[in-house]
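These are the residues of each chain, in order.
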Amino acid sequence: QKKKYIQIFFLIFFFFCSEDLRRWFLQQEMDLFRYRFNELTENLMQKFLEHVNLSFEAIGDDLKNQLANELSASTPGFTLPKVKEQMYYKVGLADAVDLFRARRVFIKDGFAYVPFKEIDVIVLNNYRTKLSKALALTARSLPSIQSDERLQPLLNHLSHSYVGPDYSVQKNTGKISLEQIDALSVKSFPLCMRQLHRALRESHHLRHGGRMQYGLFLKGIGLTLEQALEFWKKEFIRGKVDADKFDKGYAYSIRHNYGKEGKRTDYTPYSCMKIIMSNPPSQGDYHGCPFRHSDPELLKQKLQSYKIPPSGIAQVLELVKGMHYQLACQKYFELTHDVDDIGFSLNHPNQYFTESQKLLNGGREPKKEFSNSGNFQQKNNSQESINSSSTPASSNEKADTELEGLEAYFTED
Ligand code: SF4
C-alpha cells in the first residue's frame, strides 16, 4: 500500500511539470470519475452522495406537484409525467452554476431544483473543485522536489518514457520499395507522418525536427539505409539543395540515424508520447502530432481534404478538445480504414502503420512490390541485418539520452 501511495504521489509531481500536463491530468481524472459514477446503480449513487457528504435534500411529492409545471418547463426533455417519476433535489445555487448557466434547471429563492438524472454535473463540479485545490496544495512542494537531483532526472524521463515495442528491429527491412511510399502514406501512415510526407513532396525539404521524426519512422517501417539515402536525396535535389550539398550536409545524419556514424547507436523511431510531449513545432515545421499541435480549424480543414465525413470530423475534434490526442488518432484510423473498433491501444506511429497493413492485407505483412530500386534493396537486406545485429538497439532509456546528442548533428535546416 505504501509503495502504491509513493507511485501515485510521484505521478502527481510529474503532472506538475508543465501546465499542459496539469490540464491533461485533471481532464483524465474527470473523465474517469464521470465514467465510474455513471456506471453506479441509482441506489449506489445515493449511497455515494451520502458517503461524500453531498446528500442534497430531496423534495417531497407535495412540493414537486406544486412546482411540476415550472420543473417541466425549465428542465429540457422532462415532460409532466417524467417530472412526476423523477426524484428532484434542492441544491444551493453555487453548486449548480453549470446547470443554471445552460438553462437546464428551475431556480427559486436561491435554490436550483435538480433532477436525479443531472446530479452527476453537480458531483463532477464538486470533484473538480476538490481535486484542483488538492493539486494546488501539492504544487507548493514542487520547488523542493525539482531541486532534488535524485528525483529531477526521473521526472524528466517520465515524460518521454514508453514501454511498448521500440520498432528498432524491423522484420520488414527492405520489403518496402520507394515507389510504394506515396500510396502507403495515404493508406497506412498516421496523420503526423502523412503530413510530413506531403510537406516533403511539396516543398522538397523538411527542417531537422521533421527529418528526425519522419526519417526514423521510415526506418521503422522497413526502409534500408540505402533506400533512405536515395529517398531523401531524390527529394531534396528537386528543391534548393544540390547533390553535393546533400552528400556533405545531410547524408551523414541519415547514416547516423541508422547507427553507421558517431556512437553507432541504432536509433529508435519516436513514440506518440515523445512526439506529443517534446519539441513542439514552430513556424515552418511539419513535425509533431497534428491532433496536439495543429489549430483545430486547420485540423478540420485537413481532415475535410482527406474526405473524412463531417460526423467523423466532429468526433475527432471532440476528442482533441478533451486532450485525448491518441484517441483522436485511433478515431482517424477507424474512419480511414472503415472499421468500428480499432481493436488496439495506439501508442506509436509505427504501430499504427503495422496495424493498418495487417488490416489491409488480411493479417499479412506488406507485400513487396518489385522495382529496380526494390530489388537492389532486397539484395542489401541481408547485409543490413548483419550490420544492425552488430550494433544492438539500445534500451529506450539509453536511446532517449543518446538522441539528445544526435540532435546536434541535425542543426542544418
Ligand atoms: Fe502520430 Fe501518435 Fe499523433 Fe497519431 S497520436 S498523429 S501516431 S503522434
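Let me begin by describing the structure that accompanies this report. Bear in mind the structure is a predicted one, so any value in this text is a computation, not a measurement.

What to know about the environment of valine 114
- Structurally, valine 114 can be placed in strand 4 (residues 111–115).
- For the pair valine 114 and valine 91, spaced 23 residues apart in sequence, the C-alpha separation works out to 6.9 Å.
- Ignoring sequence-local partners within four residues, the contact set of valine 114 consists of Met87, Tyr88, Tyr89, Val91, Ala96, Leu99, Val105, Ile119 and Ile122.

Some details on the site of the ligand
- Inspection of the region around the ligand gives Pro190, Cys192, Cys272, Ile275, Cys289, Pro290, Phe291, Gln326, Cys329 and Pro349 as its neighbouring residues.
- A per-class count over the shell around the ligand returns nine nonpolar, one polar and no charged.

A short note on the packing of helix 11 (residues 191–203) against helix 13 (residues 225–236)
- Two numbers describe how helix 11 lies on helix 13: the axes approach to 8 Å, and their chain directions differ by 45 degrees. Relative to helix 13, the element helix 11 lies oblique. Residues His197, Leu200 and Arg201 of helix 11 form the contact with helix 13, whose participating residues are Phe231, Trp232, Glu235 and Phe236.
- Broken down by class, the residue content of the contact of helix 11 with helix 13 amounts to four nonpolar, one polar and two charged.

Brief notes about unusual backbone geometry
- A positive phi angle is found at lysine 307, which is not glycine, with a value near 65 degrees.
- Of note, lysine 307 is situated in the loop between helix 18 (296–305) and helix 19 (310–321).
- At aspartate 338, a residue that is not glycine, the phi angle is positive and equals roughly 55 degrees.
- Relative to the helices and strands, aspartate 338 is located in the loop between helix 20 (325–337) and helix 21 (349–360).

Considering the environment of isoleucine 119
- With respect to the helices and strands, isoleucine 119 occurs in helix 7 (residues 119–139).
- Sequence separation of isoleucine 119 and tyrosine 88 is 31 residues, and the distance between their C-alpha atoms is 9.2 Å.
- In this structure isoleucine 119 touches Phe37, Leu49, Phe56, Tyr89 and Val114, once residues within four positions along its chain are discounted.

Describing the pairing of strand 2 (residues 88–92)
- Across two bridges, the pairing between strand 1 (residues 57–58) and strand 2 is antiparallel. Pairing of glutamate 57 across the sheet is with lysine 90, part of strand 2.
- With five bridges connecting them, strand 2 and strand 4 associate as antiparallel partners. Bridge pairing in strand 4 links glycine 92 to phenylalanine 111.

Calculation rules
Residues numbered from 1 in each chain as written. Predicted model: local features only at pLDDT ≥ 70, side-chain atom pairs only at ≥ 80, totals over all residues. Heavy atoms only, no water. Helix = DSSP H or I, 4+ residues; strand = E, 2+ residues; numbered from the N terminus. Contact = heavy atoms within 4.5 Å. Near = heavy atom within 4 Å. Nonpolar A, V, L, I, M, F, W, Y, C, P; charged D, E, K, R; others polar. Axes fitted to C-alpha atoms, helices over the stretch in contact; angles between N-to-C directions. Parallel < 35°, antiparallel > 145°, perpendicular 65-115°, else oblique. Pairing = 2+ DSSP bridges.

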